[in-house]
Structures are given as structure tokens and as C-alpha cells.
There are 2 protein chains.
Amino acid sequence: MTSKRNLIQERKKKKEISLRISVRVGTGFSDLQEVEFSDLEEKLCTPEQKHPKPDASALVFGKYFTDHMLEVPWSLDKGWGKPIISPIHDLKIHPAAKVLHYAIELFEGMKAYRGEDGRLRFFRPDRNMARMLSTAKRSSLPSFDANEMIECMKRLIQVEREWIPHSTTSSLYMRPTFIATDPSLGVASPNQALLYVILCPVGPYFSSGFKPISLMADPQYVRSWPGGCGALKMGANYAPTIYIQKQSELLGHQQVLWLYGEDHQLTEVGTMNIFVFLKNKNGERELITPPLNGLILPGVTRLSLLELAHEWKEFKVVERCITMAEVVEAHEEHRLLEIFGAGTACVVCPVSCVSYQGKEYTIPSTEESLSQRFYKTMSDIFYGRVQHPWAVIVD
Amino acid sequence: MTSKRNLIQERKKKKEISLRISVRVGTGFSDLQEVEFSDLEEKLCTPEQKHPKPDASALVFGKYFTDHMLEVPWSLDKGWGKPIISPIHDLKIHPAAKVLHYAIELFEGMKAYRGEDGRLRFFRPDRNMARMLSTAKRSSLPSFDANEMIECMKRLIQVEREWIPHSTTSSLYMRPTFIATDPSLGVASPNQALLYVILCPVGPYFSSGFKPISLMADPQYVRSWPGGCGALKMGANYAPTIYIQKQSELLGHQQVLWLYGEDHQLTEVGTMNIFVFLKNKNGERELITPPLNGLILPGVTRLSLLELAHEWKEFKVVERCITMAEVVEAHEEHRLLEIFGAGTACVVCPVSCVSYQGKEYTIPSTEESLSQRFYKTMSDIFYGRVQHPWAVIVD
């Protein structure tokens, strides 16, 4: 418990300083309660209540949950309630709650790792919390102090430390979720909400090295559109994709390559961002990923890969629209080097084949691919083989 | 209970006949259980458990719920469970349930009425159940027998008959809701779901005659798009609209007029379908509503108004795209007669003003408007002043 107390005292000091500054510059303080890590309550499992931990080799994504969850309730008139860590339990939700009717809900996907040095690390939580706040604003859900939430989540990781597999191919997936709970029909802003975090130990996404996937690219299905919410991590972006994902499976593919517009721009793949690595017409190697133009999710893995590639300075790195015509042309001219998806769950996921307008395009694969280099570099950061500011020490 | 028993016996007979026919024509029968009205269980409130009924004059949309709800659970391996009517209660939902993360959820809005003859009527339930089934298919939720569900809902209305206000301006709003409940992360088809129905007594939408609304029409906000799900009653279509609705309120308007495309086609208004009544360039009166082209919800009120207007044969009735340019031109040439919304909650809702590209267009209103005539005709059907097949007798 020392670690928690120390953290609280440190944050209290910071709060006092920020309060003094705020008062001095005349910032108004609302009467509404903020999320405060120092208010965190803990009601931990008894040893008997704890669940057996599955074997690291048996982990399936999203099936096993750890013993505890973090909850922070909110109401329009009181603001944020006390954060609480307690045994994982069913939520009691009124059948008229807005989350069940109007999909006022959003989530994030994050990961914590047990390093080779035994220390626990949390990958770029500031980025996920910043995105969570933008999604909350567009979803009419309230704002919160991202740093206080990160401290609460760190504490949750500490409590569940034994759930983080002792394996440098596994990790602890964290799912912050934010739902509108007020019991009244009517399409309107919520008056009550609940922010909670659940955790899943997850195994290696590729149990035996990389397993490239095959994609269906069919322009009749559109994931997001200008003036919509495709750049936010709202629940509403996911339900409509499942039926299309099934269509791709019926055709023997693993994922959907989402296209947009009359020129069939590549936007996302499954629930990942997409990268195309090719030789351009000047013979230069170029890594291309679609720009943040409102149609795609601003992925934290996407950002990290772009930052790494810029740092390496070995090839051109550009964020721009890329169309299927350009991919097909590069393929025909043998200039296409790689296509891969990037996301929290798999980190990097190579593509072996794209089915488009009746043709199957086989995507090259090499022993020493860029996607494998990215995967290795990211893994070194996750598991503390190199020290990096993206991997925030938890414990 | 006689009424329930009679209904069950009648339906059992129908089932046997349909079974015999199916066997004869060789239709395969699945082992999975279907929704069956004859399986309906009832656990009714004790008199002490019943809630006091609010005064009809105090009814606010979606705030008061009746004493009971109907639930039908579903699972991939067993099919549909027994329908049950029991006291309204919070749902116990696992924090990883797909409804809370990926918005796998849908609903319907329907109404039951107490007629002037004292009989209870249910408006076109077959239409709502047909739409619910199409939305379920696109949402990867299972199918069910619409007629069995209608019988279960009729029984729920009978149980709650005293909640239907004794007033010919009020009604019982019914909210069938269908959610994915299986406790596992991963964007995939659900293995468990719950279909439930809750009821709200609702007062007159316009407490003192019609209250026309003012609209914000801003093409930067897009509700739905080709290749998307805007024609289905998924929860996912609603969350993104609330922030835009707030923007319209900040500008002093009541609702959003949703436009689509570079030519600014009118699509929907708030959560209603839209109708434009004008004199065309040939001097003919013409009622125009956008077509069912995948961008708008196929409203049951929309359909009913179209059918009534076709029956009247007094003016042209067309389903076609109509742009803001055409509305502005008709306004300037004094050919615009009326604009109104149509939906289950308000039936018909006249529009007084449209704000578009920096101008406010005042929409004409007359004492004897088409919208009022529609409202009166529909009310006569709802309250049994005329006998009509759309108003299905419940009791």
C-alpha cells in the first residue's frame, strides 16, 4: 500500500500547487466534483474470491477477465463520484438507460506489459486518454482529468499485477469504457454516466510468428464518411461493421479493407489503421498511411510507427490518401513492398492478399519485412529491453 | 386470464397447421427454440409493488415506466428462451457485454391507445416488427417470429391496461429493445442477446394544439450515407446526433434538418421523416417526401401518411429527392405550403422556420393545414372514432 500512499501524496501536492496558481490567475472553480485519484477506494477480493489464472498459452482475446474492475460514476448535478476498485461484477442498468437505446458509449484499448526486468509498463496512456476525451465530447459525455484517471488505472494494474502473464509475448489488455446510464427515453444528453475499466490477460496475437491476413475490399460497404464520427472511438462505429466482416469471412477472407469515395481510397483494415510500403515512381521507398481527415481513427500504434519511421530517416514517410488504383498499379509494376495493419491488439498485422473487383492481389512478404522490424522495435519498448518514454513505469 | 388462454389456444392451432404444412412441403426444422407466445410466463406485481400512476397532465416523454416489462432471452446454442412478463427491474449486464462496447443494439417505438369505445388498440405492430427484423439482421442479432412477439406484446398491454391514460390525447408508448449481452470483448457476432419491451404512458405531444418547430439545416453534419445503416433503427444512428442537436439548440432552434450530398438533399428532421407540401411549377399541389434510398428510416407514420394521401387522391403524392435549392425557390415564389415531420412520438410536427446558409426561412402556417388534417385522421384511427385495420384490437 506504500506505493499507493506515496502516489496520492505526490498528486495532492501537485493539486495544491495547481490550485494556488488557478486562484492567483482567477480561474473559476466549479462546485462539481472532479475525478480524484486521492479519493480512490479499494474493496479487494478475499483470497477465496479470486479466480484461477488461465495458462498463458490458453489465452484468447477478451474471454478472461481479471478479479477487479475500476468504476467512476458521474451525474450532472454532482459531477464525478469516488473512483472505486472492487471485484468484477455485473452492472445493474435500467432497461431505459441511454447506452442500451442510443449507443451513448465509447471505449479505449490499451496495454500494460511485464518487462524482462520484472517492472510493469503502461503504453502511452496519455494518448489514449486524450482520444477518450475527444470521443466523450462528441458523444455528449462529460470530461474528466486524464492524469487522475491514469493514476487510478496504474493502481488497478498494481492490484492485478499477478494477472500480467510472465511472458514477453503476452500482456494485460485494458478496456476503459464510458456509458450513459440515466433511465429515461428521449434522444438527449445523458444526466448520469459510468466510466469503468476492465482488464484481460492476452496472449501473443500471432502464436507462431506472423500470420498474414487476407482482405476483402468492396466499395459498396462504407465504414465512415465526411461529417460523421469515424475518427472517434464510439461504440456506434462498430455494430455496423460486424455484418460486413461476416460477408468477408463467407468469401474466405479474414478482414475487411474499408474503402471510401469514388476513387476507392484505402481507409482502415478491420479495426486497424493501414500502412502501404512501396517503391514510388522515382524509385524511392515510401511508407504511406491515410491522413487524419476525419474518416479514420487516430491510432496510438499508427502514431508510434510514424514517429519511429521518421526517427529512422531511411525512407519517405507520408500521411496522404492512397487509392486502390495506386495500389494495383504498384502491384502490377512490382513496386509494392508490403501492406500491414497497425493496432493495439496485434501491434502490426501483415496482409497477404487483397480481393478487389473480382481479382485477388497477392501482397509480397519477405523474411526481413518492415512490419517485422516495427514489431520488434515496439516489443523492445513494451518489455523494457530498451528504455523509452512511451512505456510508462507502473510499478 | 381467459383472454390469454384463448389467444394461446388459437395460436397453438395455427402453429399445428403451419407445422403440418411445413412437414408436408419438407421444410427443415431447426432444433433451436423459437419465441413462443404459448410459453409466456407471468410473474406479476403484488398490489404493494405497483407504482402510483402519474396524472395524465404531468406525463413527460420517457420518464415514467409501467409496473412490468417483457423479456425474451436468446443464446446461440439454445435459441430463444421463454418470454416472461415480470416487474420492471434493472438488467444485470456483464461489463464486457457487446451492447456496452460495440453498440450491438436496436429498438422500435410503437404506441397503444385507449379508444373512445374503451377498447385498447395497437398501431400497425406488424410494420414495426418487420423493421425490427431487418435491423436485427444487419446488426448480427437473431431473427424471431414477429407474430409470436406481437402476441406477447398484446398480453403486456393487457397486463398494463390501467397505465393507458383515460384520455384521447394520451397513449402508451412501447419500446421493444434488442441488445447483445455476451461477456466477451472482440468485435464479432453475439452469442447471447436479450429482447425486452418497456412501456411509458405518454401525454399529448402538443399540450395546447400544434407547436411548430424551428430547424437548423447545416450541410456540415451528416446523419447517414450510402453504404451505411441510416435506414435501420440501430442505436448507432442516434449517439452521433445528440451533439449536433445541442448545436442547433445553442443557435435557438429545436431540431436538426439533416441534409445529404453536395446538392443538400433533405433527408430527416430530428428523429422524424420529413414532408414538404408545395405548389409545383404547373400549379399542382404536391406532397413530397424523400425516397427510401438507404439514407432515411422507413417510418411507419411516414408510410401511413403516404397511404392516406394516395387514398384521398386530392393532390400529387411523390417519394423523391428534394433539395434545399428547390425548397428555397418554392419559398421565394410563394409556392411553399407546409413542411412537417412525421414520427411515432408526435405523429405530425409542423415546421415554422428553417435556418440555412445564414438565412431564416419562415414556413407558412394555415388554420386548416394538411398536417392538421393528417393528425386528425390518424387520431380518429388511434382512438377508434373510425374502425381501421391499422388499429389492431388488443382487448
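These numbers come from a predicted model, not from an experiment. (Residues numbered from 1 in each chain as written. Chains lettered and ligands numbered in written order. Predicted model: local features only at pLDDT ≥ 70, side-chain atom pairs only at ≥ 80, totals over all residues. Heavy atoms only, no water.)

Further remarks concern the overall build of chain A. Counting secondary structure elements, chain A contains 8 helices and 20 strands. Its C-alpha atoms give chain A principal-axis dimensions of about 65 × 50 × 50 Å. Each of the 395 residues in chain A was classed as buried or not, and the buried ones make up 57%. Of the contacts formed within chain A by residues at least 6 apart in sequence, a portion of 72% connects residues at least 24 apart. (Helix = DSSP H or I, 4+ residues; strand = E, 2+ residues; numbered from the N terminus. Buried < 20%, exposed > 50% of the residue type's maximum accessible area, 1.4 Å probe, protein only. Contact = heavy atoms within 4.5 Å.)

The full count for this structure, using the stated rule, is 33 aromatic pairs over all chains. Aromatic side chains Phe 123 of chain B and Phe 382 of chain B sit 5.1 Å apart centroid to centroid with 90° between the ring planes, which places their arrangement in the edge-to-face category. Note that Phe 123 of chain B is positioned in strand β8 (residues 120-123) and Phe 382 of chain B in helix α8 (residues 370-382), a separation of 259 residues in sequence. Given the relative accessible area of 4%, Phe 382 of chain B is considered buried. Ring pairs connect the aromatic residues Tyr 113, Phe 123, Phe 382, Tyr 383 and Trp 390 of chain A, which therefore count as one cluster. The residue whose ring lies beneath Arg 373 of chain A is Trp 312 of chain A, and the NZ or CZ to ring-centre distance is 3.7 Å. (Phe/Tyr/Trp six-rings, centres within 6.5 Å; stacked < 30°, edge-to-face > 60°. Lys NZ or Arg CZ within 6 Å of the ring centre and 35° of its normal.)

A few words on the interface of chain A and chain B. With 60 residues of chain A at the interface, the matching set in chain B holds 61 residues. For the pair chain A and chain B, the summed buried surface comes to about 4900 Å²; carbon and sulfur atoms form 64% of the total. At the junction of chain A and chain B, the tally comes to 24 residue pairs in polar contact (both at pLDDT 80 or more). Broken down by secondary-structure element, the contributors of at least two residues to the side of chain A that touches chain B are β5 (91-93), α2 (98-101), β6 (105-107), α3 (125-138), β9 (171-180), β10 (192-202) and α5 (239-250) of chain A. A per-class count over the side of chain A that touches chain B returns 36 nonpolar, 15 polar and 9 charged. Bridging between β5 of chain A and strand β5 (residues 91-93) of chain B involves 3 bridges; their strand directions are antiparallel. Residue Ile 93 of chain A lies in a different strand from β5 of chain B, and its bridge partner there is Leu 91 of chain B. (Buried area = accessible area lost by both parts, 1.4 Å probe. Polar contact = N/O pair within 3.5 Å; in protein donor to acceptor, adjacent residues only side chain to side chain. Nonpolar A, V, L, I, M, F, W, Y, C, P; charged D, E, K, R; others polar. Pairing = 2+ DSSP bridges.)

This part is about the nonpolar core. Residues Leu 100, Met 149 and Phe 178 of chain A together with Leu 100, Met 149 and Phe 178 of chain B are the most contacted members of the largest nonpolar core, which totals 122 residues. Those residues in contact with Phe 178 of chain A that lie beyond four places of it in its chain are Trp 80, Ile 104, Glu 105, Leu 106, Met 132, Ala 136, Leu 141, Pro 142, Phe 144, Ala 193, Leu 194 and Leu 195 of chain A. (Core = buried A, V, L, I, M, F, W, Y, C linked by side-chain atoms within 4.5 Å.)

A few words on the UniProt feature "modified residue: N6-(pyridoxal phosphate)lysine" (unreviewed entry) in chain A. All names here are of chain A. With numbering aligned to this structure, UniProt lists the feature "modified residue: N6-(pyridoxal phosphate)lysine" (unreviewed entry) at Lys 233. Here Lys 233 shows up in the loop between β11 (213-217) and α5. For Lys 233, a relative accessible area of 9% puts it in the buried group. (UniProt positions renumbered as here; feature names shortened; annotations may be inferred.)

Here the focus is the relation of the copies chain A and chain B. Once turned by 180° and shifted 0.0 Å along the axis, chain A lies on chain B with an RMSD of 0.0 Å. This pairing of chains is accounted for by a two-fold axis. For chain A, the minimum C-alpha distance to the rotation axis belongs to Ala 236 of chain A and amounts to 2.1 Å. The share of interface residues of chain A whose copies in chain B are also at the interface is 100%, consistent with both copies meeting through the same surface. (Least-squares fit on C-alpha atoms with pLDDT ≥ 70 in both.)

Residue and element names in this part refer to chain A. Axis separation between α3 and helix α4 (residues 146-159) bottoms out at 10 Å; the angle between their running directions is 125°. Relative to α4, the element α3 lies oblique. In this structure, the crossing between α3 and α4 has a hand that is right-handed. Of α4, the residues touching α3 (which contributes Pro 125, Asp 126, Met 129 and Leu 133) are Ala 146, Met 149, Ile 150 and Met 153. (Axes fitted to C-alpha atoms, helices over the stretch in contact; angles between N-to-C directions. Parallel < 35°, antiparallel > 145°, perpendicular 65-115°, else oblique. Left-handed = near helix turned anticlockwise from the far one by under 90°.)

Moving on to the state of the cysteines. Residue and element names in this part refer to chain A. On inspection of all chains with the given rule, the structure shows 0 disulfides over all chains. Cys 200 carries a free sulfur, and the closest cysteine sulfur to it, the one in Cys 45, is 15 Å from it. Under the relative-accessibility criterion, Cys 200 is labelled buried at 1%. Cysteine Cys 349 shares no disulfide, and the gap to the nearest cysteine sulfur, in Cys 346, comes to 4.7 Å. (Disulfide = S-S within 2.5 Å.)

Turning next to the pairing of strand β19 (residues 359-362) of chain A. Residues and elements named next belong to chain A. Of the pairings in the sheet, the one linking strand β18 (residues 347-356) to β19 comprises 4 bridges and is antiparallel in character. Bridge pairing in β19 links Ser 355 to Glu 360. Hairpin remark: β18 followed by β19, antiparallel, with 2 residues in the connecting loop; positive phi at Gln 357, about 50°.

Let's shift gears to the domain arrangement of chain A. Residue and element names in this part refer to chain A. Considered domain by domain, chain A is made up of domain 1 (4-203) and domain 2 (213-382). Here the C-alpha centroids of domain 1 and domain 2 sit 30 Å apart. Taken together, the contacts link 20 residues of domain 1 with 18 residues of domain 2. Both faces considered, domain 1 and domain 2 share a buried interface measuring about 1800 Å² in area, 65% of it formed by carbon and sulfur atoms. On the domain 1 side of the contact with domain 2, Phe 107, Phe 123 and Arg 131 bury the most area, a combined 33% of that side's loss. Where domain 1 touches domain 2, the interface holds 1 salt bridge. Ionic pairing is found between Glu 307 and Arg 124, a salt bridge with its closest N-O pair at 3.2 Å. For the interface between domain 1 and domain 2, the tally reads 8 residue pairs in polar contact (both at pLDDT 80 or more). Of all the elements in the fold, those that place two or more residues in the side of domain 1 that touches domain 2 are β6, β7 (110-114), β8 (120-123) and α3. When residues in the side of domain 1 that touches domain 2 are grouped by element, the largest group, 6 residues, is from α3. Broken down by class, the residue content of the side of domain 1 that touches domain 2 amounts to 7 nonpolar, 5 polar and 8 charged. (Domains from an automatic or database assignment. Salt bridge = Lys/Arg side-chain N within 4 Å of Asp/Glu carboxyl O.)

For the rest of this paragraph, the subject is the confidence of the model for chain A. The predicted coordinates ought not to be read in detail in places where the model reports low pLDDT. Residues and elements named next belong to chain A. Of all residues in chain A, 91% attain a pLDDT of 70 or more, and the chain-wide mean is 92. A low-confidence stretch, residues 19-29 stays under pLDDT 50, and its non-local contacts, those more than four residues away or across chains, total 3 contacts. Across the interface, the model reports ipTM at 0.93; the global pTM reads 0.93. (pLDDT = per-residue confidence, 0-100.)

Evaluated as defined, the whole model comprises 34 salt bridges over all chains. Note that Arg 373 of chain B and Glu 314 of chain B form a salt bridge whose closest N and O atoms lie 2.7 Å from each other. Taken as a pair, Arg 373 of chain B in helix α8 and Glu 314 of chain B in the loop between α6 (300-312) and β16 (316-319) lie far apart in primary sequence, 59 residues in all. For Arg 335 of chain B, the salt bridge is made with Glu 329 of chain B, and the minimal N-O distance between the two is 3.9 Å. Owing to a relative accessible area of 13%, Arg 335 of chain B belongs among the buried residues under this scheme. Glu 329 of chain B sits in the partly exposed class, given a relative accessible area of 30%. Because the salt bridges share partners, they merge into one network encompassing Glu 116, Lys 376, Asp 380 and Arg 385 of chain A.

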